[in-house]
Protein chains: 2
Amino acid sequence: MSALPAGPAISGTPLPDDHPLTSGRTADSALIRSYRGERAERPAVWFMRQAGRSLPEYRAVRAGTAMLDACLTPDLVTEITLQPVRRHGVDAAIFFSDIVVPLKLAGIDVEIRPGVGPVVADPIRTAAQVAALPELTVDQLTPIVQAVRGTVAELGSTPLIGFAGAPFTLASYLVEGGPSREHLHTKAMMHAAPELWNELAGWVARTTATFLRGQVLAGTSAAQLFDSWAGALSLADYRTFVQPHSAHVLTAVADLGVPRIHFGVGTGELLAAMHEAGADVMGVDHRIPLDVAQQRLGGGVPVQGNIDPALLFAGRDALGAAATAVLAAGRTAPGHVVNLGHGVPPETDPDVLTWLVDLLHSSGPAGGGSAG
Amino acid sequence: MSALPAGPAISGTPLPDDHPLTSGRTADSALIRSYRGERAERPAVWFMRQAGRSLPEYRAVRAGTAMLDACLTPDLVTEITLQPVRRHGVDAAIFFSDIVVPLKLAGIDVEIRPGVGPVVADPIRTAAQVAALPELTVDQLTPIVQAVRGTVAELGSTPLIGFAGAPFTLASYLVEGGPSREHLHTKAMMHAAPELWNELAGWVARTTATFLRGQVLAGTSAAQLFDSWAGALSLADYRTFVQPHSAHVLTAVADLGVPRIHFGVGTGELLAAMHEAGADVMGVDHRIPLDVAQQRLGGGVPVQGNIDPALLFAGRDALGAAATAVLAAGRTAPGHVVNLGHGVPPETDPDVLTWLVDLLHSSGPAGGGSAG
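Our subject in this report is the structure included herewith. (Residues numbered from 1 in each chain as written. Chains lettered and ligands numbered in written order. Predicted model: local features only at pLDDT ≥ 70, side-chain atom pairs only at ≥ 80, totals over all residues. Heavy atoms only, no water.)

## Here we look at the overall build of chain A
Operational definition: To qualify as a helix, a DSSP run of H or I must reach at least 4 residues; to qualify as a strand, a run of E must reach at least 2; elements of each kind are numbered from the N terminus. Any residue under 20% of the maximum accessible area for its type is buried, any over 50% is exposed, and the rest in between are partly exposed; the area is computed with a 1.4 Å probe on protein chains only. Throughout, a residue-residue contact means that at least one pair of heavy atoms, one from each residue, lies within 4.5 Å. Each accessible area is a Shrake-Rupley result for a 1.4 Å probe, and residues are judged covered by the shown protein chains and nothing else. Lys and Arg are tallied as positive, Asp and Glu as negative. Neither His nor the chain termini are counted. Each charge is placed at NZ for Lys, CZ for Arg, CG for Asp and CD for Glu.
The helix and strand inventory of chain A stands at 15 helices and 10 strands. In chain A, which comprises 372 residues, the share counted as buried stands at 63%. Pairs at least 24 apart in sequence give 74% of the contacts found in chain A among residues at least 6 apart. For chain A, the accessible area works out to roughly 12,600 Å², and carbon and sulfur atoms hold 53% of it. Looking at chain A, you have 25 positive and 35 negative side-chain charges, and the mean spots of the two groups are 3 Å apart.

## Some remarks on the interface of chain A and chain B
Just so we agree on the cut-off: When two parts are brought into contact, each loses some accessible area as probed by a 1.4 Å sphere; the total of that loss over both is the buried area. Just to be clear on terms, a salt bridge is a Lys or Arg side-chain nitrogen sitting within 4 Å of an Asp or Glu carboxyl oxygen. Counted as a polar contact is a pair of N or O atoms within 3.5 Å, where, for protein atoms, one must be capable of donating a hydrogen and the other of accepting one, and residues adjacent in sequence contribute only when both atoms are in side chains. Polar here means any residue outside two lists: the nonpolar Ala, Val, Leu, Ile, Met, Phe, Trp, Tyr, Cys and Pro, and the charged Asp, Glu, Lys and Arg; Gly therefore counts as polar.
Listed as interface residues are 31 residues of chain A and, on the opposing side, 31 residues of chain B. In total, chain A and chain B occlude about 2,400 Å² of area from one another, counting both sides; carbon and sulfur atoms represent 52% of this. At the surface where chain A touches chain B, the tally comes to 4 salt bridges. With a closest N to O distance of 2.9 Å, Lys187 of chain B and Asp308 of chain A form a salt bridge. The interface formed by chain A and chain B contains 8 residue pairs in polar contact (both at pLDDT 80 or more). If you list the elements that add at least two residues to the side of chain A that touches chain B, you get α9 (184-192) and α11 (235-252) of chain A. In terms of residue count, the dominant contributor to the side of chain A that touches chain B is α9 of chain A (5 residues). Each residue belonging to the side of chain A that touches chain B can be placed in one class, and the counts come to 15 nonpolar, 7 polar and 9 charged.

## What about the sheet that holds strand β9 (residues 303-307) of chain A?
All names here are of chain A. Stated formally: One requirement defines pairing of two strands: DSSP has to find at least two bridges between them.
Here 8 strands make up an open sheet; going across it, the order is β1-β10-β9-β8-β7-β6-β5-β2 and the pairing parallel. Two strands bound the open sheet, and with one partner strand each, they are β1 (44-45) and β2 (93-94). Note that β2 and strand β5 (residues 160-165) share 2 bridges and pair parallel. The residue of β5 that forms the bridge with Ala93 is Leu160.

## A closer look at the side chain of Asp98 of chain B
Residue and element names in this part refer to chain B. Following the sequence through the fold, Asp98 ends up in the loop between β2 (93-94) and α5 (101-106). One buried charged residue, Asp98, forms no salt bridge at all, with the nearest opposite charge on Arg62 at 8.4 Å. If we skip the residues at most four places from it in the chain, Asp98 touches Met67, Leu68, Cys71, Ile112, Pro118 and Phe163.

## Overview of the packing of aromatic side chains
Centre-to-centre distance and the angle between the planes together describe a pair of aromatic rings. All names here are of chain A. Our working definition: Only centres within 6.5 Å qualify two rings of Phe, Tyr or Trp (six-membered ring in Trp) as a pair; their planes then separate them into stacked at under 30 degrees, edge-to-face at over 60, and tilted for everything else.
One pass over the structure, following the stated rule, counts 9 aromatic pairs over all chains. Look at Phe226 and Phe263: their rings are 6.1 Å apart centre to centre, the planes differ by 80°, and that puts the pair in the edge-to-face class. Placement of Phe226 in strand β6 (residues 222-226) and of Phe263 in strand β7 (residues 260-263) is noted, with a sequence separation of 37 residues between them. A relative accessible area of 10% places Phe226 in the buried class. On the basis of relative accessible area, Phe263 is assigned to the buried category, the value being 3%.

## Thoughts on the pairing of β7 of chain A
All names here are of chain A. In plain terms, the rule: By definition, the crossover connecting two strands over a helix is right-handed if that path, from the first strand to the second, turns clockwise as seen with the strands pointing away from the viewer.
With burial as the criterion, each face of β7 is covered, one bearing Arg260 and His262 and the other bearing Ile261 and Phe263. Alignment of β6 against β7, held across 4 bridges, turns out to be parallel. Bridging from a neighbouring strand, Leu225 pairs with His262 of β7. Regarding the hand of the β-α-β motif, the stretch spanning β6, α11 and β7 is right-handed.

## Here's the deal with the packing of helix α9 (residues 184-192) of chain B against helix α10 (residues 194-218) of chain B
Residues and elements named next belong to chain B. As a reminder of what qualifies: Here, axes are lines fitted to C-alpha atoms. For helices the fit covers the stretch in contact, and angles between N-to-C directions go from 0 to 180 degrees. Note on terminology: angles under 35 degrees are roughly parallel, angles over 145 are roughly antiparallel, angles of 65 to 115 are roughly perpendicular, and the others are oblique.
Contact geometry of α9 with α10 gives a least axis separation of 5 Å together with a crossing angle of 120°. Between α9 and α10, the interaxial angle falls into the category oblique. Every residue of α10 that contacts α9 at Thr186, Met189, Met190, His191 and Ala192 is listed here: Pro194, Leu196, Trp197 and Leu200.

## What about the pairing of strand β4 (residues 117-120) of chain B?
Residue and element names in this part refer to chain B. Sheet topology note: the strand β3 (residues 110-113)/β4 ladder contains 4 bridges and is antiparallel. Among the inter-strand pairings, Ile112 is bridged to a residue of β4, identified as Pro118. Counting the residues between successive antiparallel strands, the hairpin from β3 to β4 contains 3 residues, one of them, Gly115, with a positive phi of roughly 80°.

## Side note on the sheet that holds strand β10 (residues 336-340) of chain B
Sheet strands line up and pair through hydrogen bonds in the backbone, either parallel or antiparallel. Residues and elements named next belong to chain B. If you trace the 8 strands from one edge of the open sheet to the other, you get β1-β10-β9-β8-β7-β6-β5-β2, paired in parallel fashion. Each of the sheet's edge strands pairs with one partner strand only, and the pair in question is β1 (44-45) and β2. As judged from the 5 bridges shared by strand β9 (residues 303-307) and β10, these two strands associate in the parallel manner. Looking across to β10, one finds that Ile307 is bridged to Leu340. In this fold helix α11 (residues 235-252) packs onto β6 (222-226) and β7 (260-263), with an angle of close to 155° to the strand it touches most, β7.

What follows is the structure, encoded as structure tokens:
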């Protein structure tokens, strides 16, 4: 459950020989070394939602294309995924997608409404609806596989991180029919009809596992599971109703040997349980410091995070001080990849992000590893 | 900082002799006894947002009246505040208002847009704007004072709880211009211009203190400070930028001797700091059990909460089990008032709430006090 075995090469996995990780292109990168708890020459940094509306070049290529159409157009996904790597010099690309893409691929009627978010035409609340959910097949992943392959061909030694939404968050969209703060119908289903809930979340977990495994096999060097809304749950509800399904997804890519990162917003109370689901690296939001997170994890767990996105709007003095504090707290972990505590806000000035990457890269050797 | 002195009467306060608490009408109620950590005959229960859209009689009297107009019409406030007491037999009325009412009374251009929430016409982001904020005067509280007096005249021995939004939450509305998930501009102001932030939050604290003190003097037997969005903050940010301002509000009503309840959503990490701001009772949301909350508070603190509102939709078996679990966890506190972990959802079936009140009232003596 803790860091992956050390060493630049992973043997005995079914990853193809030309995979970026097994071929050695990305295995010695600062990102992968940090995820493994090894010492890196400098801090690795990337930003959740770095590919997106904060970039004028993104707004230009997305103009006139609906979000889910963009996610299923391989050349466009490659271009969008590469944009922040080119511009900011971040240490990883994150596969451009949306958490509802695997639902769409499986045949669910879902769209992204601008200003609203994902909207499911027919919310799933009955046993008959759950029983009728279509299984996602590997064949349906073709646009995803093409996009990953095209992207890693361009990335060289920069690792690509695979991306999937976790079962609770995705199931909430299906049950509520759209974004929800309270997740009333979802949590009601858990408690009123736990078998139905488990069937639904089990379907989501299988779908997500297929989606994420497809990405890794096609070329991602790591895989991040986002449980955006797990912070709405008590620890007891998380362990009973959610952890087993997230564990299914993380276990489904365990044999591939890529670092598995698990992240949720406002999940300071759930970190240990989310780690136990099978994560190698824990993403931490900005509500708790990384040293506190490390204590809660019992030590020995590489972490990712956690500059408050609001600091991107607070000027360079305050942002620099926050970055320094995050680096210091991250030294309590065996490996630390710098990120924000949440996604890049669309109104962010991209020059601030570039400045932050340069600052972090010039801050000396990363903590962790044998010198940590 | 812990429970108020025991005993049915509070002496030496400037509350008028005919105040419901000093006159003895409400001092022996299950609510006030529980808030003081004394033993009550049966569990006291009320629901945040019990007066509101879940009730058909509320929708009927509110039809055609804008939210803030309703909040400033004393007879309507009285009727709306009384409705859930009549229907459910809850142990307290909560003064019907909105957290932006004191801003409106002071002269800020703010409205409640249906489906959106409070919208501030001219977001406050500059020193000149902060310097120009108008001080709320006691005279401007006339509709509030009238509404409280009219309500307590009808309530008899049922206590009325006063209501105000806390400085961080209100300041976020002023700075962002409306509801926000990330509070980017607000947190950026804290870090980039802490003196400006403190001036703004100080103004909000004075305004809120005037609003809350006016309610208590007019007849409320308790006062709850809602920091709806404090859960977006790290503990360090809360202590540095928010706690002093919330403490100003709570201190401003300390001499009146009514129990002061402090509540925020997702504030499990902040409970001790929120208590130290000067609360007598800590409201707890549904993310952490009340026994865990009591541990974090160091023991000896009466609590309020914390049935997950989603359970209102999960059927009586699940809801009854959750209520029983909440009662059991609440016995670790010296006093416990049952509530939801968040407000009543508008789509709640009111009969479920009535059933829940009856269930709680028939569950035997409350925990806490000398027998706790």
